[in-house]
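Chain by chain, the residues run as shown.
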Amino acid sequence: MRQGRADEYAEFAVARAGHLYRSACLLTAGDTHLAEDLVQETFGRLYVRWGRVSRVGNPAGYAQTVLTRIFLAHQRRRSSRERATDVFPDLPGAGDGDASLRLTLLDALARLPAKDRAVVVLRYWEDRSVEETADVMNVSSAAVRTRCSRALGRLRELLGEDLAEYAGS
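The numbering scheme is per chain: residues are counted from 1 as the chain's sequence reads. Predicted model: local features are reported for residues with pLDDT of at least 70 only, side-chain atom pairs are reported and counted for 80 or more only, and whole-chain, interface and lining totals are derived from all residues. Excluding hydrogens and water, the side-chain values take into account all heavy atoms of the structure.

Trainee: Could you give an account of the pattern of salt bridges, with specific residues and numbers?
Mentor: Basic side-chain nitrogens of Lys or Arg form a salt bridge, by our definition, when they fall within 4 Å of a carboxyl oxygen of Asp or Glu. Applying the stated rule across the entire model yields five salt bridges. Residue Asp 116 is joined to Arg 147 by a salt bridge in which the shortest nitrogen-to-oxygen separation is 2.8 Å. Remark: Arg 147 occurs in helix H8 (residues 141-159) and Asp 116 occurs in helix H6 (residues 114-125); sequence separation between them is 31 residues. Residue class for Asp 116 comes out buried when judged on its relative accessible area of 2%. Any residue under 20% of the maximum accessible area for its type is buried, any over 50% is exposed, and the rest in between are partly exposed; the area is computed with a 1.4 Å probe on protein chains only. Using a relative accessible area of 23% as the deciding quantity, one classes Arg 147 as partly exposed. In this structure, Arg 150 and Asp 116 form a salt bridge, with 3.8 Å as the shortest nitrogen-oxygen distance. Of the two residues, Arg 150 is situated in helix H8 and Asp 116 in helix H6; the sequence distance between them amounts to 34 residues. The partly exposed category is assigned to Arg 150, whose relative accessible area is 45%. A single network of salt bridges, built from pairs that share partners, joins Asp 116, Arg 147 and Arg 150. Where helices and strands are cited, they refer to DSSP runs of H or I of at least four residues and of E of at least two residues respectively, numbered from the N terminus.

Trainee: Before we move on, can you summarise unusual backbone geometry with the specific residues and values?
Mentor: In this model, Ala 29 sits at a positive phi of 55°, which is unusual for a non-glycine residue. Mapped onto the elements, Ala 29 comes out in the loop between helix H1 (3-27) and helix H2 (32-48). According to the relative accessible area criterion, Ala 29 is buried, its value standing at 0%.

Trainee: Go over helix H7 (residues 130-137) with me, naming the residues and quoting the values.
Mentor: All of the buried residues in H7 are Val 130, Thr 133, Ala 134, Val 136 and Met 137. For H7, the arc enclosing every buried residue in end-on projection is 160°, short of the 170-degree limit, so these residues lie on one face. For H7, exposure combined with an orientation more than 90 degrees from the buried face picks out Glu 131 and Asp 135. Two residues qualify as a contact provided that any one of their heavy atoms is within 4.5 Å of a heavy atom in the partner residue. On its buried face, H7 is in contact with helix H4 (59-76), H6 and H8. The first or second residue beyond H7 is Asn 138, which carries a positive phi of 60°. Relevant arc is that of directions from the helix axis to the C-beta atoms, nothing else.

Trainee: Before we move on, can you summarise the packing of H1 against H2 with the specific residues and values?
Mentor: Angles here are taken between N-to-C directions and fall from 0 to 180 degrees, while the axes themselves are lines fitted to C-alpha atoms, restricted in helices to the stretch in contact. For the pair H1 and H2, interaxial distance at closest approach is 9 Å and the crossing angle is 145°. Where H1 crosses over H2, the handedness of that crossing is right-handed. Between H1, through Tyr 9, Phe 12, Ala 13, Arg 16, Ala 17, Leu 20, Tyr 21, Ala 24 and Cys 25, and H2, the contact on the second element is made entirely by Thr 32, Ala 35, Glu 36, Val 39, Thr 42, Phe 43, Gly 44, Leu 46 and Tyr 47. Less than a right angle of anticlockwise turn of the near helix away from the far helix marks a crossing as left-handed, whereas a clockwise turn marks it as right-handed.

Trainee: Account for the environment of Leu 106, with residues named and values stated.
Mentor: By secondary structure assignment, the location of Leu 106 is in helix H5 (residues 99-110). Spatially, the C-alpha atoms of Leu 106 and Gly 30 are 6.0 Å apart, while their sequence positions differ by 76 residues.

Trainee: Could you give me a rundown of the nonpolar core, with the residues and numbers involved?
Mentor: Most often, soluble globular proteins keep nonpolar side chains buried together rather than apart. Working definition of a nonpolar core: buried Ala, Val, Leu, Ile, Met, Phe, Trp, Tyr and Cys residues. They are joined through side-chain atoms within 4.5 Å. One finds Phe 12, Val 39, Phe 43, Leu 46, Leu 67, Phe 71 and Met 137 to be the most contacted residues of the largest nonpolar core, which totals 44 residues. Those elements that provide at least two residues to this core are H1, H2, helix H3 (50-53), H4, H5, H6, H7 and H8. Per-element accounting of this core gives the leading share, nine residues, to H1. Beyond its immediate chain neighbours, meaning those up to four positions away, Leu 67 contacts Leu 20, Ser 23, Ala 24, Leu 27, Leu 38, Val 39 and Thr 42.

Trainee: Tell me about H2, residues and numbers included.
Mentor: With 17 residues, H2 extends 25 Å between its outermost C-alpha atoms, agreeing within 8% with the 24 Å of an ideal straight helix rising 1.5 Å per residue. Of the residues making up H2, those classed as buried are Thr 32, Leu 34, Ala 35, Leu 38, Val 39, Thr 42, Phe 43 and Leu 46. Turning to H2, the residues buried within the fold contact H1, H3 and H4. A helix is expected to span 1.5 Å for every residue after the first.

Structure follows, in structure tokens:
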């Protein structure tokens, strides 16, 4: 890779690392070690293809798509179901806000199937449209709407209809 492109890639990676890591933490329901692995693999794949990726209109969106697809591929593997512990570690920068709320939400996300969790993260954390989410996940728009409805219903069951008690309002 030419020095100019290498510098451009490094600048992009530094700028997007935090956001990709936070998305990965949500996708993995708080498994920070797996989140780091997913982000590292994402950056590795982007580096290899940076010549093409840098010419894309939205390299940040491309990176998020790669991250989500790596997560979904990981979930399909048998070994991805192994968990060393069910206790969530403190997340970096977690000093802000309510820790019990964060842990409750991460626990609820962990109880969702991987594809439903990915839909929730893409639609509500990444603020992507149904069509963009469908494209990232290689499914139809109808499948995204169905998964979204199912996931939100399951989260309501887990958290209760009145979320104000968790938000402290």
